[in-house]
Amino acid sequence: MKFASYCDVVKTAWTSRDGTDLALLLSLRISKIFASIGDISYLNVFHAITTRVGVLSDDNVERCFASQVYAAHHFYNKHDIGSAFKHKMECIEKLISHIAEVQGEVWLLRGVLSSFVDLRLLFNAIRRQCGEEPGDMCYDERVKQANSDLMNIFQMILRALINDRTSGEDSKKFFLTAITNEYFAIAFQTNNFTFVNQCVGAISASKLRQRKNDIVTYAYYRGRHSILNAKYKEAQKHLSLAYRHCPNSHSHNIRLILVFLIPLNLLCGFRASEALRLPEYEEITKAVMQGNLQLFDESLEKNRELFTRRGVYLLVDALRQHATRSLIKKVYNLRADRSKHIISVENCCKAINFSLGDGDEVDLEETECLLANLIVCGLLKGNIFAEKGKVALSPKTPFPSRSAIKL
C-alpha cells in the first residue's frame, strides 16, 4: 500500500467510524507498507496526513497516524525495532489522549487494542534481539526500559477504561478483558504480575457481557496465575471454564488448556478422561488411579524435560502423593480384620516396595513419614501409633474425597 492510498483509507475509515478498519490501519501485521515515503521526516509525514486526510478531529489523532506510519517505516524499511517500538508507543499515547478527551468513541478502542498487540510483539522482538528467551529474567538495560515503557502504556490504557462511566454497549470497559489478556501474555514472559489484581477487580466490577474468545483466553490466564499462587481448586475452576467454552476447531488452544487442566483434575479428585487427548498424561493418570508408583516414577522421568518446559513439572510431581494414597487404600481394603479400621505400617511398607518394583526400597521409618504426609495433607484421616507399628484410620471417612480436600 502506498502512502497516498493509506491516507485515503484512513479518511474513509474515520468518516464511517469503522473500528475494524481502524484496527487494521493501526496494525503492523498487515502487508508491507509505506515503502514510498523514503527518508521523509516525521514532521513532513504529519503535515501530509493533516493535509490529505483532512477529517481527523484533532492534533492527537493526526500525530497518532503519523507515528503509525513512521513505526511501520522503521520496522519494514529500516529494520529498526527500537525506533518502531518508540513510534508505536507514541501512536497509542496520542490515540488514548484523544479518547480521554471525548465522550463515547468506543470504536477507537479497537485501534488501541490492535496497536498494543503490536507493541507487545515488538517488545518480544527486542528481547530476542538482546538474546533473551521468553521467561528469562536476565535483561539488559534496553529490555528493562522497553518493559517499563510497555507497562506505562498499559497503565494509561487501563485508566482510560476503568474511569469510563458510560454504561451499556457504549462503555469502554467492554475492552477490559481483551486488554487484560494482552497484559497477562506479557506478565507470564516477564514474571511481573503487578496489575493483575487491579485488572481482575475491574473486570468483576464491570459486569459487562464480553466476547467469547476473550472470556476463554482470560479464564486460561486466570487459571495459570492461580497455579503460580498454589490455588489449585481456583485454577481448576478457571481452566475448566476455558475448556468448556473453547471451540473444538481450536485444537491447539484446547491442548494448551489441557496441559494444566489434566493434572489439576487429578489433584482435585475429578476424572481426567481428557488425558486420552495428551499421550504424555496417560501413564501418569493410570499410575495415580492404580497406585502404581513404579509406573508413575518412570513416566515422570521420561517426560521430565517436556513437563519442565511447559511449567507443570512440580504440579505433576505433586500427584505422587495421590498415587501413594491409592496404594494405601488397597492395603486398607485387603486388611484381615474388616471389623477394625487398622492397618499395619509393615504391610504399607511391603506394598510400597512392591509397587516401586526394582527401584529404591523404603524402610518402616520412611513409610511412617509417607503416611504422616498423607495425613497432614488431608489425603488420609487417622493416627499413627509408631510404638505399635499401626495406623488407626477414621471409621467414617478414612480416605476423604479428594474434591473435599483443601488445596
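Right, let's walk through the structure included here. Fair warning: this is a prediction, and the values are worked out from it, not measured in the lab. (Residues numbered from 1 in each chain as written. Predicted model: local features only at pLDDT ≥ 70, side-chain atom pairs only at ≥ 80, totals over all residues. Heavy atoms only, no water.)

**Some remarks on a negative patch on the surface**
Here comes step 1: Taken together, the side chains of Asp360, Glu361, Asp363, Glu365 and Glu366 define an acidic patch exposed on the protein surface.
Here comes step 2: Tracing the backbone shows Asp360 in the loop between α18 (345-356) and α19 (364-376).
Here comes step 3: Judged by relative accessible area, which is 68%, Asp360 ranks as exposed. (Patch = residues over 30% accessible without salt bridge, like charges linked within 9 Å, V, L, I, M, F, W, Y side chains within 5 Å. Areas by Shrake-Rupley, 256 points an atom, 1.4 Å probe, with all protein chains shown as cover. Salt bridge = Lys/Arg side-chain N within 4 Å of Asp/Glu carboxyl O. Lys, Arg positive; Asp, Glu negative; His and termini not counted. Charge placed at Lys NZ, Arg CZ, Asp CG, Glu CD. Helix = DSSP H or I, 4+ residues; strand = E, 2+ residues; numbered from the N terminus. Buried < 20%, exposed > 50% of the residue type's maximum accessible area, 1.4 Å probe, protein only.)

**Let's talk about the nonpolar core**
Here comes step 1: Core analysis: the largest hydrophobic core is formed by 104 residues, its most contacted members being Ile49, Phe65, Phe85, Phe116 and Ile157.
Here comes step 2: If we skip the residues at most four places from it in the chain, Phe85 touches Leu119, Leu122, Phe123, Ile126, Ala146, Asp149 and Leu150.
Here comes step 3: With 22 residues, the next largest nonpolar core counts Ile328, Leu380, Leu393 and Phe399 among its residues. (Core = buried A, V, L, I, M, F, W, Y, C linked by side-chain atoms within 4.5 Å. Contact = heavy atoms within 4.5 Å.)

**A word on the environment of Trp14**
Here comes step 1: Position of Trp14 among the secondary structure elements: in helix α1 (residues 3-16).
Here comes step 2: Accessibility expressed as a relative area gives 10% for Trp14, which makes it buried.
Here comes step 3: Sequence separation of Trp14 and Glu280 is 266 residues, and the distance between their C-alpha atoms is 51 Å.

**Quick word on the packing of α1 against helix α4 (residues 59-77)**
Here comes step 1: Following both chains from N to C, one finds α1 and α4 inclined at 140 degrees, their axes separated by 12 Å at the closest point. Between α1 and α4, the interaxial angle falls into the category oblique. Read as a crossing pair, α1 and α4 show a hand that is right-handed. Facing Phe3, Tyr6, Val10 and Trp14 of α1, the residues of α4 in contact are Val61, Phe65, Gln68 and Val69. (Axes fitted to C-alpha atoms, helices over the stretch in contact; angles between N-to-C directions. Parallel < 35°, antiparallel > 145°, perpendicular 65-115°, else oblique. Left-handed = near helix turned anticlockwise from the far one by under 90°.)

**Examining the pairing of strand β3 (residues 390-393)**
Here comes step 1: Burial along β3 is one-sided: Val391 and Leu393 are buried, and none of Lys390 and Ala392, which face the opposite way, are.
Here comes step 2: Bridge count between strand β1 (residues 342-344) and β3: 3 bridges; the pairing is antiparallel. Each residue of the ladder has a partner; that of Ile343, found in β3, is Val391.
Here comes step 3: The pairing of strand β2 (residues 382-385) with β3 spans 4 bridges and is antiparallel. Its bridge partner lying in β3, Phe385 is registered against Lys390. (Pairing = 2+ DSSP bridges.)

**Looking at the side chain of Ser240**
Here comes step 1: Looking at the element boundaries, Ser240 is found in helix α11 (residues 232-245).
Here comes step 2: We classify Ser240 as buried; its relative accessible area is 13%.
Here comes step 3: A polar atom in the side chain of Ser240 sits 2.7 Å from the backbone oxygen of Gln236.
Here comes step 4: In this structure, Ser240 is in contact with Leu261 and Asn265, ignoring residues within four places of it in sequence. (Polar contact = N/O pair within 3.5 Å; in protein donor to acceptor, adjacent residues only side chain to side chain.)

**Observations concerning the pattern of salt bridges**
Here comes step 1: Inspection of the entire model under this criterion finds 12 salt bridges.
Here comes step 2: Between Arg120 and Glu182 there is a salt bridge, and its shortest N-O distance comes to 2.5 Å. With Arg120 in helix α6 (residues 109-129) and Glu182 in helix α8 (residues 176-190), this residue pair connects regions lying 62 residues apart in the sequence.
Here comes step 3: Relative accessible area serves as the criterion here: at 15%, Arg120 is assigned to the buried category.
Here comes step 4: The salt bridge involving Asp214 is made with Arg211; its shortest N-O contact spans 3.0 Å.

**Observations concerning helix α5 (residues 81-101)**
Here comes step 1: Given a rise of 1.5 Å per residue, 21 residues ought to cover 30 Å, and the 31 Å separating the end C-alpha atoms of α5 matches this to within 8%.
Here comes step 2: Looking at α5, one finds that the buried residues are Ile81, Ala84, Phe85, His87, Lys88, Met89, Cys91, Ile92, Leu95, Ile96, His98 and Ile99. (Expected span 1.5 Å × (residues − 1).)

**Thoughts on the layout of surface pockets**
Take a probe with the size of a water molecule and roll it over the atoms, and the empty space left behind shows itself.
Here comes step 1: Approximately 730 Å³ is the volume found for the largest pocket.
Here comes step 2: In this structure, the largest pocket is lined by 26 residues; those nearest its centre are Tyr220, Tyr221, Arg224, Asn253 and Leu256.
Here comes step 3: Taken together, the elements giving at least two residues each to the lining of the largest pocket come down to α8, α10 (212-228), α12 (251-268) and α15 (304-310).
Here comes step 4: Its residues placed into classes, the lining of the largest pocket shows 13 nonpolar, 8 polar and 5 charged.
Here comes step 5: For the second largest pocket, the calculated volume is near 270 Å³.
Here comes step 6: Along its surface, the second largest pocket is lined by 14 residues, and Ala23, Arg29, Leu113, Ser114 and Val117 are the ones closest to its centre.
Here comes step 7: Elements represented by at least two residues in the lining of the second largest pocket include exactly α2 (19-25) and α6. (1 Å grid on protein atoms, 1.4 Å probe; cavity = no way out; pocket = protein on both sides within 12 Å on 5 of 7 lines; lining within 4 Å. Points joined across faces, edges and corners; volume = space filled by probe spheres on them. Nonpolar A, V, L, I, M, F, W, Y, C, P; charged D, E, K, R; others polar.)

So yeah, pure geometry; function would need other evidence.
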